[in-house]
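Descriptive analysis of the structure
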Amino acid sequence: MVHNISVVMYVASELASDIAVNVGDMKFYLHKFPLLSKSATLQKLVSNASEENCDEVHIHDIPGGPSAFEICAKFCYGMTVTLNAYNVIAARCAAEYLGMHETIEKGNLIYKIDVFLNSSIFRSWKDSIIVLQTTKSQSRLCEELKLISHCIDAVASKASVDVSKVDWSYTYNRKKLPEENGNDPNLNGIRSRTVPKDWWVEDLCELEVDLYKRVVVTIKNKGIVSSEVIGEAAKAYAYRRFPGFNKGVFQFNDVSKCRPILDTVVWLLPSEKGSVSCSFLLKLLKASVSLDSGEMVKTELVKRVGQQLEEASVNDLLIRTADGEGTTYDAHVVQKILEVFMMRDKDSEPQLEDGDEIQEVRKPGILSEASKLMVAKLVDGYLTEIAKDPNLPLSTFIGLAEMVSNFPRPGHDGLYRAIDMYLKEHPGISKSERKRICKLMDCKKLSVDACMHAVQNERLPLRVVVQVLFFEQVRANASSGSSTPDLPKAIRDLNSASYGSSRSATTNTEEDWDAAASAEELRALRGELAALRMGNGGTNDKVNGSDAKSHADRAAMSRMKGLLMSKRLFSKIWSNKGGQGENSGSDSSESLGSANLEEAKSTPSRKGRHSVS
């Protein structure tokens, strides 16, 4: 390449070269006159070399290296040079280095390149992005020459053009559509399609993070592109830069490079609620935990998730803790998200009233009942998942559940499922802890299927099992039009039967209620619930059959007899939720009362498994 230039010039001018220019590891044999007439830098270098009687100069730090110098040299000789999006920045920087300004000669190379950039490169969407990418190799000089800012403005301006004026061919990274391959003769190529508002987002993903940030900021500042499209751009960039991100898989090979990318994506998110999905925000939050991002990034994401939490799914909320944290999932960050969500109902602002007195006017809650219901269900599902962690503290479980305890929930099946999962995975918890977690649930709000499961659940305290049975009876009577709910037959029998030996053993009734129900006790109660489900209390004897008469069941019923004889204690079973509740009639406690109940002085121990009446 070097010798071709010197030979051509030698033949054309019939003059031998009189100067050798060393650029890097290459040597150019050229002539002084054409070079010196257009380059101020070469004038100085050649002048210094002449004073030393030397016909050779050295240039080691020219931008773009030998290839860029060759373009400049050809221009000096009046030869045709080919500029394109890939080499124009290098040529422009080399021309600046060589001092090829208008003050040296009119129509010099710098002027020619600037005209080419404005008239050709910056008019093309594709070329503008390519040129912007090539500025990275000469970023300092490109900044000084404002080449980067010009490129950015060109890209941002095109992205802000009304889609009705956009040619779909602007985009070049998208997958080809069938009609573009000539397989659809009924359509006039891609031009027949409506251009989407986010047509440009995939193409910008080619840019490195610092340039990408500057382009998107410029687009935002123009105020033309909607926040939803800006959000889509941030989402597309995250998906491109983090393989597997879309599926929630975070594999960061170089944390030092990935962390700035994540921080930039978060920083670029539009402030408008709903500009990106809650699911995407939670993926970013999970990634920030994996990358150990700064607290500012995590706090911002927590705030944004809390503002649209009702859109989330349980899987979205399963944010794994860092290694060594003890628990599998970070329940504390979910608690912070819930706090943000609930704060949306507590906004207030000072407002000028008559007489210029400043009064605090409480704005009405902006959380709809539907939003609260969705979040309550979301928390129930989340609790069910984290309850599987054997290291999850009970206080964490209860704390999360209590945060949404006042939210409208027509049913408590989801909460029951979470409580049951926790009891299953933490069999060693104490009676008092078992009582605490079960108090979260309102038995009146369990479905028929949940009641059926609860009456068979050996993990629940006996207090809860009998409470479920009682309210199932209340519901059955209410549906049949009966004004006074009746207890199941076996429990009514216990109220009126002789309980002689049941008074023996211990008097520790509260502990008996809070202990888990035994299999025998559950079988006895199961027959009662089955009778209720059939809508005929008289069928109870038939349902229980021989099981009800078995020695084990008789012993269980005998042990339950003393518990059920105490009107005071039995009333505690359903008063834990704040009284009798709207579903229990005003005289429901009276239906439990009798002279025998008032006379009960002591209760049997549930440890005496084989006592008989």
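Scoring rules and cut-offs
Residues numbered from 1 in each chain as written. Predicted model: local features only at pLDDT ≥ 70, side-chain atom pairs only at ≥ 80, totals over all residues. Heavy atoms only, no water. UniProt positions renumbered as here; feature names shortened; annotations may be inferred. Axes fitted to C-alpha atoms, helices over the stretch in contact; angles between N-to-C directions. Helix = DSSP H or I, 4+ residues; strand = E, 2+ residues; numbered from the N terminus. Parallel < 35°, antiparallel > 145°, perpendicular 65-115°, else oblique. Left-handed = near helix turned anticlockwise from the far one by under 90°. Contact = heavy atoms within 4.5 Å. Nonpolar A, V, L, I, M, F, W, Y, C, P; charged D, E, K, R; others polar. Phe/Tyr/Trp six-rings, centres within 6.5 Å; stacked < 30°, edge-to-face > 60°. Buried < 20%, exposed > 50% of the residue type's maximum accessible area, 1.4 Å probe, protein only. Pairing = 2+ DSSP bridges.

The name that an unreviewed UniProt entry assigns to the chain is BTB/POZ domain-containing protein npy2, with the source organism given as Datura stramonium. UniProt's Sequence similarities (unreviewed entry) comment on the chain is quoted here verbatim: "Belongs to the NPH3 family." Annotation of the chain in UniProt includes, under Pathway (unreviewed entry), the sentence "Protein modification; protein ubiquitination."

Describing the packing of helix α9 (residues 147-159) against helix α11 (residues 209-222)
Between α9 and α11, the least distance of the axes is 9 Å, while the angle of their chain directions is 50 degrees. Comparing their axes, α11 and α9 come out oblique. The two elements α9 and α11 cross, and the hand of that crossing is right-handed. The residues of α11 that touch α9, namely those facing Ile148, Ile152, Asp153, Val155, Ala156, Ser157 and Ala159, are Leu211, Arg214, Val215, Thr218, Ile219 and Lys222. When grouped by side-chain class, the residues that make up the contact of α9 with α11 number eight nonpolar, two polar and three charged.

What to know about the packing of aromatic side chains
Taken as a whole and assessed by the stated rule, the structure comprises nine aromatic pairs. With a centroid separation of 3.8 Å and 15 degrees between ring planes, the pair formed by Tyr212 and Tyr237 is classed as stacked. Taken together, the residues Tyr212 in helix α11 and Tyr237 in helix α12 (residues 227-241) connect sequence positions 25 residues apart. Taking the relative accessible area as the measure of exposure, Tyr212 reaches 1% and is therefore buried. For Tyr237, a relative accessible area of 0% gives the class buried.

Re the sheet that holds strand β3 (residues 56-59)
Spatially, three strands are ordered β2-β1-β3 in an open sheet, and the strand pairing comes out mixed. This sheet does not close on itself; its edge strands, each paired only once, are β2 (26-30) and β3. When the angles between neighbouring strand axes are averaged without regard to direction, this sheet yields 20 degrees. By the bridge criterion, four bridges tie strand β1 (residues 19-23) to β3 in an arrangement that is parallel. Along β3, the bridge assignment pairs Val23 with Ile59. Relative to the sheet, helix α3 (residues 40-51) contacts β1 and β3, its axis offset from that of β3 by approximately 135 degrees.

Details of the pairing of β2
Across five bridges, β1 lies against β2 in antiparallel orientation. Looking across to β2, one finds that Ala20 is bridged to Tyr29. Between β1 and the antiparallel strand that follows it, β2, lie two residues; Gly24 among them carries a positive phi value of about 65 degrees.

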